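# Structural features, examined
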Amino acid sequence: MAKKPTSVAEWAASGAVQRCIEPGCAGAFDLNERIYVCPRCGGSIEVECRLPAPRAARLLPKLWAARAASPDPCDLSGVWRFREMLPFGEEPPFVTLFEGNTPLYHAPRSAQYCGLADLRLKHQGMNPTGSFKDTGMSAAVTQAVVLGARTIVCASTGNTAASLAAYAGRARLNAAILLPRGQISAAKLAQSLDYGASVCEIDGNFDDAMRLIRELGEDPSIYVANSINPFRIEGQKTVAFEIMEQCLWQAPDHVVVPGGNMGNSTALGKGFQELLELGLISRLPKLSVIQAEGAAPVASLFASLDRRRRPAETRLPERMAPVEHPRTLATAIKIGAPVSWKKALRSVLRSGGRVIAVSEQEIADAKAMIGRDGIGCEPASATTVAGMKKLVAEGYIKRKESVIGVLTGHMLKDPDYTSRYHQGTLSLDAGANGSPAQAIQGAFRNAPARVAATKAAVLEFLERRL
Ligand SMILES: *Cc1c(COP(=O)(O)O)cnc(C)c1O
Ligand SMILES: [Zn+2]
């Protein structure tokens with residue numbers, strides 16, 4: 001077959017395949033096959049990387065850290081500086097906007113709010129288009145270039161679209177985007193338009209858009225960039241490497257993430273698992289996923305699993321009952337039939353983590369608390385802090401344990417939500433299934449005040465606020 005690999009990167013790339021996750025099938029397919037589900041059994045596909053030998057792996061953390069200070073774009077990217085772990089050759093036609101390398105903040109007020117001694121928040125909203133989607137899109141659009149695709153499509157709740165539009169624009173490829181009409185924040189829509197994508201607003205919800213994408217993906221001229229695309233997961237898993245680098249390769253006790261389509265949780269789980277196999281960490285952090293109550297099919301499924309057998313290898317359920325009319329103001333996770341639920345649930349169970357749901361009020365208040373820490377995030381991201389508060393109250397997360405929450409999107413992605421919360425006018429419309437409209441209390445509201453244009457009036461106002 002191929003010549004003997006001469007570098008770590010070549011070694012890593014040489015043996016990678018696309019593998020069906022169904023244990024009874026385990027079909028293996030070439031990296032250049034344009035597939036999104038297993039052609040044999042319809043199961044989910046993941047990339048199985050040929051990881052470096054553990055002896056070589058010990059040298060990687062130093063190499064990765066050194067690259068972060070290099071002027072070479074391939075080294076500077078928070079995705080491509082980890083290229084030994086990615087299923088691309090030594091010199092891929094990589095498409096980068098300098099994604100990754102995001103901050104890990106201490107969040108003392110949010111910690112106190114949750115009942116934790118300490119809490120750190122990994123802010124993936126600090127990526128080029130303002131969400132974690134960029135790390136995955138850098139890899140997926142690179143794969144599209146490798147395959148010679150001309151048009152890349154995605155269905156999106158907004159952030160995937162913005163990210164695809166930017167990276168496709170960068171690579172001079174066409175991006176076509178299917179958005180559920182009227183359900184996307186103005187900021188996210190504006191991004192896709194500005195980056196030059198063809199935007200189709202469809203009558204239907206995200207799950208309808210997703211079904212269309214599966215049909216479009218059968219066309220050979222089209223490459224699908226949704227998180228069923230296994231190369232996106234490869235790019236997104238680099239956040240796991242960054243987290244461990246920022247923790248000096250000591251795994252924290254818990255990592256908590258929001259769950260929509262569950263691509264992000266799948267990617268984190270895969271990244272941690274690979275580091276464990278390489279011996280770069282000595283245990284897995286418990287990976288917990290938080291959904292919004294109105295769009296929580298995986299949390300419901302998790303609750304139904306046999307508790308006595310958890311966290312030991314619980315058998316993965318075959319099916320998940322979708323939520324017909326997903327309902328939440330956290331639009332980035334308003335998804336009733338998450339495509340990557342099985343891969344994500346497998347990682348959660350393996351790590352001893354949990355999947356739970358939080359209410360709209362809990363999300364809104366947690367978001368305000370993250371704002372008070374001077375950090376801020378979009379609504380979906382705040383499920384992490386809302387979920388932690390609940391998991392601490394249940395005694396599952398202990399006060400002194402080390403906890404990292406992943407913030408998935410930037411505060412300015414959904415300014416309308418934020419200002420309505422602070423002015424006390426935020427509400428969830430009545431649901432299609434008959435559930436009533438719900439007003440959200442701005443428990444930490446901070447409305448602007450009308451003050452006369454005099455020094456005395458301003459001083460008096462400030463005095464009153466203290
Ligand atoms: C996409 C997205 C999510 C959900 O991630 P999944 O991989 O679909 O679970 C959460 N928050 C934000 C801000 C997102 O853009
Ligand atoms: Zn299969």
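Residues numbered from 1 in each chain as written. Chains lettered and ligands numbered in written order. Predicted model: local features only at pLDDT ≥ 70, side-chain atom pairs only at ≥ 80, totals over all residues. Heavy atoms only, no water.

Moving on to the side chain of R327. Along the chain, R327 falls in the loop between α13 (297–304) and α14 (341–351). Among buried charged residues, R327 stands out as having no salt bridge; its nearest opposite-charge side chain is D429, 7.6 Å away. Polar side-chain contacts of R327 include one of 3.3 Å to the side chain of S435. Excluding residues that lie within four positions of it along the chain, R327 makes contacts with G294, A295, K334, E360, L428, D429, A430, G431, S435, P436 and A437. (Helix = DSSP H or I, 4+ residues; strand = E, 2+ residues; numbered from the N terminus. Buried < 20%, exposed > 50% of the residue type's maximum accessible area, 1.4 Å probe, protein only. Lys, Arg positive; Asp, Glu negative; His and termini not counted. Salt bridge = Lys/Arg side-chain N within 4 Å of Asp/Glu carboxyl O. Polar contact = N/O pair within 3.5 Å; in protein donor to acceptor, adjacent residues only side chain to side chain. Contact = heavy atoms within 4.5 Å.)

The next subject is the nonpolar core. As a rule of thumb, nonpolar side chains are buried together in soluble globular proteins. Counting residues in each nonpolar core, the largest one holds 92 residues, and the members touching the most others are L164 and L268. Setting aside residues no more than four positions away along its own chain, L164 makes contact with M137, V141, I152, V153, C154, G169, A175, A176, I177 and A225. Grouped together as the second largest cluster of nonpolar side chains are 40 residues, I356, A368, I370 and C377 included. (Core = buried A, V, L, I, M, F, W, Y, C linked by side-chain atoms within 4.5 Å.)

The next point concerns the packing of helix α12 (residues 263–278) against α14. In helix packing, the relevant descriptors are the interaxial angle and the interaxial distance, both defined with respect to the helix axes. Closest axis-to-axis distance for the α12/α14 pair is 8 Å, and the angle between their directions is 50°. As summarised for this structure, α12 and α14 are arranged oblique, according to the angle between their axes. In terms of crossing hand, the pair formed by α12 and α14 is left-handed. Two secondary-structure elements touch here, α12 through S265, T266, G269, K270 and Q273 and α14 through K343, A344, S347 and R350. Considering only residue class, the contact of α12 with α14 consists of one nonpolar, five polar and three charged. (Axes fitted to C-alpha atoms, helices over the stretch in contact; angles between N-to-C directions. Parallel < 35°, antiparallel > 145°, perpendicular 65-115°, else oblique. Left-handed = near helix turned anticlockwise from the far one by under 90°. Nonpolar A, V, L, I, M, F, W, Y, C, P; charged D, E, K, R; others polar.)

A word on the sheet that holds strand β10 (residues 254–258). Taken together, six strands build an open sheet; the order of strands is β4-β5-β13-β10-β11-β12 and the sheet is mixed. With partners counted over all chains shown, the strands left at the sheet margins are β4 (104–106) and β12 (355–358), one partner each. Ignoring strand direction, the axes of neighbouring strands in this sheet form an average angle of 25°. In the sheet, strand β5 (residues 120–123) pairs with strand β13 (residues 403–407) via four bridges, with the strands oriented parallel. Following the sheet pairing, L121 is matched in β13 by G405. Against the sheet, α13 engages β11 (286–292) and β12, with an angle of about 130° to β12. The strands touched by α14 are β11 and β12; relative to β11, the strand with the most contacts, the crossing angle is about 135°. (Pairing = 2+ DSSP bridges.)

This paragraph deals with the confidence of the model for the protein. Note: predicted coordinates in regions of low pLDDT should not be interpreted at a detailed level. Per-chain confidence: the protein averages 92 in pLDDT, with 95% of residues scoring 70 or above. Within the model, pLDDT remains below 50 along residues 1–12, and this stretch shows 17 contacts once partners closer than five positions in the same chain are excluded. (pLDDT = per-residue confidence, 0-100.)

Time to look at the coordination of the zinc ion (ligand 2). Coordination of the zinc ion (ligand 2) by the protein is provided by C20 (SG), C25 (SG), C38 (SG) and C41 (SG), with metal-donor distances spanning 2.3 Å. One can describe the site at the zinc ion (ligand 2) as tetrahedral: its four donor atoms subtend angles covering 99 to 115° at the metal. Here the donor residues of the zinc ion (ligand 2) are spaced in sequence according to C-x4-C-x12-C-x2-C. Judged by its relative accessible area of 22%, C25 falls in the partly exposed class. (Donors = N, O, S within 2.8 Å, 3.2 Å for Na, K, Ca; no water. Tetrahedral: all angles 85-135°; square planar, octahedral: opposite > 155°, others 65-115°.)

Inspection of the region around ligand 1 gives 15 residues, with K133, N159, N261, N264 and T408 positioned closest. Within the side chain of K133, one N or O atom sits 2.6 Å away from an oxygen atom of ligand 1. Separating an oxygen atom of ligand 1 from a backbone N or O atom of N264 is a distance of 2.8 Å. In the complex, the protein chains occlude 97% of the 380 Å² of accessible area that ligand 1 would expose alone. Residues belonging to the shell around ligand 1 are distributed by class as follows: five nonpolar, eight polar and two charged. (Near = heavy atom within 4 Å. Areas by Shrake-Rupley, 256 points an atom, 1.4 Å probe, with all protein chains shown as cover.)

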